[in-house]
Amino acid sequence: MSTTSLVLLGVLGVLALAGGVLVFTLNSMARVTFCLLASLCFVGGVVTVLGLPYLGVVIVLMMVMEMVIMAVFMIAYMMNPAGLMPMSMLHNKRGSLVISAAVFAALVAGIFAVPWPESAEVRPKDTTLQVGMSLMGGQMLTMVSLGFVLLATMVGATVLATHRGRYDRFGDDLDQRPANDPAGGGVGR
């Protein structure tokens, strides 16, 4: 691993840890959500620097969508205004501190106690293919085809569920002014 990669790994690791600490120190659900998003994006960066770009990108994409959805629903449905009211993410502070310190100590001890294997093999060029083959074996083509079929099904269901298209409100020749907009109260109301 090059010096640049090591420095980048250290910086991303520290930023991920700082984001994780902020999750438990901020007092707003909205702010906590975006700190958790930042922390998990940095974790995706760490995974990418470690040589697994596919998994790193998947982590970032999953976490972005999950946290944005969580923030939108929090802002829309929480009792307090936009999840910005003061609150605490800590419950049973003493017990959780003891448990987290013990788990941290065990993990650090495990790092130094476990004999790390030395790999004699040369790493493959395409790690994405290797991960895919490990997960899906010979069914890679089936799973890729299934992904496209599911995407086409979702798009088709959305198109069929919509009773009118984007330009239907302007008439067949797109010359109807004002537009026949059900929400706006144009022609036809």
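Report follows, based on the coordinates. (Residues numbered from 1 in each chain as written. Predicted model: local features only at pLDDT ≥ 70, side-chain atom pairs only at ≥ 80, totals over all residues. Heavy atoms only, no water.)

**Topic: the overall build of the protein chain**
The line we're drawing: Each helix is a run of DSSP H or I of at least 4 residues and each strand a run of E of at least 2, with the numbering of both proceeding from the N terminus. Burial classification: accessible surface area is computed with a 1.4 Å probe over protein chains only, and a residue below 20% of its type maximum counts as buried, one above 50% as exposed, and the rest as partly exposed. The contact definition used throughout considers only heavy atoms, calling two residues in contact when any of these lie within 4.5 Å.
Within the protein chain one finds six helices and zero strands. Reading the protein chain from its N terminus to its C terminus gives the helix and strand order α-α-α-α-α-α. Looking at the protein chain as a whole, 15% of its 189 residues are labelled buried. Put simply, of all contacts in the protein chain between residues at least 6 apart along the chain, 54% involve residues at least 24 apart.

**What to know about the layout of surface pockets**
Stated precisely, the cut-off is as follows: We place a 1 Å grid over just the protein atoms. Points where a 1.4 Å probe fits but has no way out form a cavity, open points with protein on both sides within 12 Å along at least 5 of 7 lines form a pocket, and any residue with an atom within 4 Å of a point lines it. Grid points are joined across faces, edges and corners, and a volume is the space filled by probe spheres set on the points. Classification convention: Asp, Glu, Lys, Arg as charged; Ala, Val, Leu, Ile, Met, Phe, Trp, Tyr, Cys, Pro as nonpolar; all other residues, Gly among them, as polar.
Roughly 480 Å³ of internal volume is contained in the largest pocket. In terms of lining, the largest pocket is formed by 11 residues, of which the most central are F24, S96, L97, S100 and F104. Of all the secondary structure elements, the ones that give two or more residues to the lining of the largest pocket are α1 (3-25) and α4 (93-113). When the residues that make up the lining of the largest pocket are grouped by side-chain class, the tally is six nonpolar, four polar and one charged.

**Regarding helix α2 (residues 29-49)**
So the rule is basically this: Multiplying one less than the number of residues by 1.5 Å gives the expected span of a helix.
With 21 residues, α2 extends 30 Å between its outermost C-alpha atoms, agreeing within 8% with the 30 Å of an ideal straight helix rising 1.5 Å per residue. Inspection of α2 places A30, V32, T33, C35, L37, S39, G44, G45, V46, V47 and V49 among the buried residues, and these make up the whole buried set. Looking at the buried residues of α2, the elements they touch are α1 and α3 (53-77). Downstream of α2 by one or two residues, G51 has phi in the positive range, about 105°.

**With respect to the packing of α2 against α3**
The cut-off we apply is this: In this analysis, axes come from line fits to C-alpha atoms, helices being fitted only over the stretch in contact, and the angle between any two N-to-C directions falls in the range 0 to 180 degrees. Here the word oblique covers every angle except those under 35 degrees (roughly parallel), over 145 (roughly antiparallel) and from 65 to 115 (roughly perpendicular).
At a closest axis distance of 7 Å, the pairing of α2 and α3 adopts a crossing angle of 175°. Relative to α3, the element α2 is oriented roughly antiparallel. Along the contact surface, α2 presents M29, A30, T33, F34, L36, L37, L40, C41, G44, V47 and T48, while α3 presents P53, L55, G56, V57, I59, V60, M63, V64, M67, M70, A71 and M74. Partitioned by chemical class, the residues of the contact of α2 with α3 number 19 nonpolar, four polar and no charged.

**Some thoughts on the side chain of T127**
Position of T127 among the secondary structure elements: in helix α5 (residues 127-136). Once you skip the residues sitting within four places of it in the chain, T127 turns out to touch G51, L52 and P53.

**A short note on a nonpolar patch on the surface**
Spelled out, the test is: Surface patches are drawn from residues lacking salt bridges whose relative accessible area is over 30%; two like charges belong together within 9 Å, two nonpolar side chains (Val, Leu, Ile, Met, Phe, Trp, Tyr) within 5 Å. Here the accessible surface of atoms and residues is derived via Shrake-Rupley with a 1.4 Å probe, and residues count as covered only by protein chains that are part of the display. Salt bridges are counted wherever a side-chain nitrogen of Lys or Arg sits within 4 Å of a carboxyl oxygen of Asp or Glu.
Together, M65, V68, I69, V72, F73 and Y77 make up an exposed nonpolar region whose accessible area comes to about 620 Å². Structurally, M65 can be placed in helix α3.

**Details of the side chain of T33**
Mapped onto the elements, T33 comes out in helix α2. Non-local contacts of T33, meaning those with residues more than four positions away in its chain, are made with M67, M70, A71 and M74.

**Describing the packing of α1 against α2**
Rule in force here: Here a crossing is taken to be left-handed if its near helix is turned anticlockwise relative to the far helix by less than a right angle, and right-handed if that turn runs clockwise.
One way to put it is that α1 packs onto α2 with a least axis distance of 8 Å and a crossing angle of 160°. In this view, α1 runs roughly antiparallel relative to α2, as classed from their interaxial angle. Judged by the twist between their axes, the crossing of α1 over α2 is left-handed. Of α2, the residues touching α1 (which contributes S5, L8, L9, L12, G13, L15, A16, G19, G20, L22 and V23) are V32, C35, L36, S39, F42, V43, G45, V46 and V49.

These results come straight from atomic positions and should not be treated as a statement about function.
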